[in-house]
Amino acid sequence: MATSSFFQSSRAVFSAAVLLRAIFLVYGLFQDAFSPMKYTDIDYFVFTDAARFISQGRSPYDRDTYRYTPLLAWFIYPTTWPGLWFSFGKVLFAIGDIVAGWLMLLVLRSYQNMPQERALKFASIWLLNPMVATISTRGSSEGLLGIIVTALLWAVLAKRIELAGFLLGFAVHFKIYPFIYAASTVWWLDGGDSGQKNSGTAKKPGSMVAQIFEFINCERLTLALYSLVTFMSLNVIMYLAYGFPFLEHSYFYHLIRIDHRHNFSPYNILLYLNSFPDPTTQSSVELEHLAFLPQLLLSAVMVPIALAKKDLPSTMLVQTFAFVTFNKVCTSQYFLWYMMFFPFYLPDSTLLRSPGIGISALILWVLGQALWLQQGYQLEFLGNSTFVPGLWASSILFFLVNVWILSIIIQDVKAKSHLSHAVKPVKKVP
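Residues numbered from 1 in each chain as written. Predicted model: local features only at pLDDT ≥ 70, side-chain atom pairs only at ≥ 80, totals over all residues. Heavy atoms only, no water.

Looking at an unreviewed UniProt entry, one finds the protein named GPI mannosyltransferase 1 and attributed to Zopfia rhizophila CBS 207.26. Per UniProt, the comment on the protein under Subcellular location (unreviewed entry) is "Endoplasmic reticulum membrane". (UniProt positions renumbered as here; feature names shortened; annotations may be inferred.)

This is the structure in structure tokens:
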């Protein structure tokens, strides 16, 4: 009864979400001060160093390993001020979590027509998730990305096409991977009454030219124009301010990166070996440089074409889950990329309808990480060589678990009828 009463109040849920992050922030200060194992993520020191260089009139790329848009360093500029302002970035990222959760609630209530109480329960998968709160309060910027991506989803569903285009362009500038959502969004958008078109109403196929002109409708052109102008404008501004290092570190680096530390990917061992190449045995075509081919084919082409017209939010979940699972670099922060879509998918999912499957999936997903982390701890903290079979086997196991979960989600989305997911009127902000 108390639980039901709790989820009837949005104020109670959001207050609990804020309190959870405040506790982690305060705890982090004590752990950083008194424990040899620091709470603050190493990436946060990279961000704040970059902001400090900007405050000195220098380039953020003077900080080694800063591989992000300069906007991120500008967002946390107050960390350069003396005193407790060093934690400003963590607070900002935690606030980002909260705002992203509010946007999730908005989508659940408007697009999926959920009652307030049920919508709050599913939004709490993100808002009250200790993993989400921990990652942001340790200094990861995924909370800001959560705002952008969730706002993008809401804008598309609300048919705010100009806003959706701006957010898509901004998202790809901020973090490259959201470009995969362009395909699903474009495929989902239809001219006129999307609900009628998505409902499966049969139309006689016209000529190839007629089909092309029907596909290139006003909404798709508007989305493409606004997203391209936003993306290119931001890139031109950053290039004029910081030159080629901006392009090199924000974009080109990610095509050839060989990060192997804290990397759950099956490519982990290969990346480690190639980080110390032997010129006498090195091949002309390195496998890890081709890893993006199956990843992008699946997440940016096959999934959108097969699923986007059935259910856009769940399709974006499948895209992101596939992108992270098949990525050559996979760290804990990347899990948040797809976690933000689970509140939209879970209500009618096999994982919820069949508790045995759902609980098994959760246990295996957590266990796969735990096994890898145990091997990683042995390697990085104790100096024991656990590459083979320990680290390699645990990476393969975690990959297979993720592929199994991905297959369940895909089957769920495929089973949804076009009619049940026709666009519903968007309500005003609750």
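Let us now look at the packing of aromatic side chains. Pairs of aromatic rings are described using the distance from one ring centre to the other and the angle between the two planes. For the structure on display, the rule yields 34 aromatic pairs. With 6.0 Å between their ring centres and 45 degrees between their planes, W85 and F88 make a pair best called tilted. Classification of W85 as partly exposed rests on a relative accessible area of 40%. Since its relative accessible area comes to 24%, F88 is described here as partly exposed. On the basis of an interplanar angle of 25 degrees and a centroid distance of 6.1 Å, the ring pair of F166 and F170 is categorised as stacked. With F166 and F170 both in helix α9 (residues 161-174) and four residues apart, the pair spans about one turn of that helix. With a relative accessible area of 40%, F166 lands in the partly exposed category. Through successive ring pairs, a cluster of aromatic residues spans F264, F321, F335, Y338, F342, Y345, W365, W372 and F398. In this structure, R67 is placed above the aromatic ring of Y253, and the distance from its NZ or CZ to the ring centre is 4.0 Å. We note K90 situated over the ring of Y44; from NZ or CZ to the ring centre the distance is 5.5 Å. (Phe/Tyr/Trp six-rings, centres within 6.5 Å; stacked < 30°, edge-to-face > 60°. Buried < 20%, exposed > 50% of the residue type's maximum accessible area, 1.4 Å probe, protein only. Helix = DSSP H or I, 4+ residues; strand = E, 2+ residues; numbered from the N terminus. Lys NZ or Arg CZ within 6 Å of the ring centre and 35° of its normal.)

With that settled, consider the pattern of salt bridges. Considering all chains together, one arrives at nine salt bridges under this definition. Close ionic contact of K90 with D32 constitutes a salt bridge, the shortest N to O distance being 3.8 Å. Separated by 58 residues along the polypeptide, K90 in helix α5 (residues 88-110) and D32 in helix α2 (residues 10-34) bring together distant segments of the chain. The class of K90 is buried, set by a relative accessible area of 4%. (Salt bridge = Lys/Arg side-chain N within 4 Å of Asp/Glu carboxyl O.)

Next up on the list: the side chain of S140. By secondary structure assignment, the location of S140 is in the loop between α7 (130-137) and α8 (142-157). Classification of S140 by relative accessible area gives buried; the value is 5%. For S140, the residues in contact, after removing those within four places along its chain, are F93, I135 and Q333. (Contact = heavy atoms within 4.5 Å.)

Attention shifts here to the UniProt feature "transmembrane region" (unreviewed entry) in the protein. The sites that carry the UniProt feature "transmembrane region" (unreviewed entry) are, in the present numbering, residues 12-30, 84-107, 143-159, 166-189, 223-247, 320-339, 351-372 and 392-410. End C-alpha atoms of residues 143-159 are separated by 24 Å, and the span's content is 88% helix alongside 0% strand. The span residues 223-247 shows a helical share of 96% and a strand share of 0%, and its end C-alpha atoms are spaced 24 Å apart.

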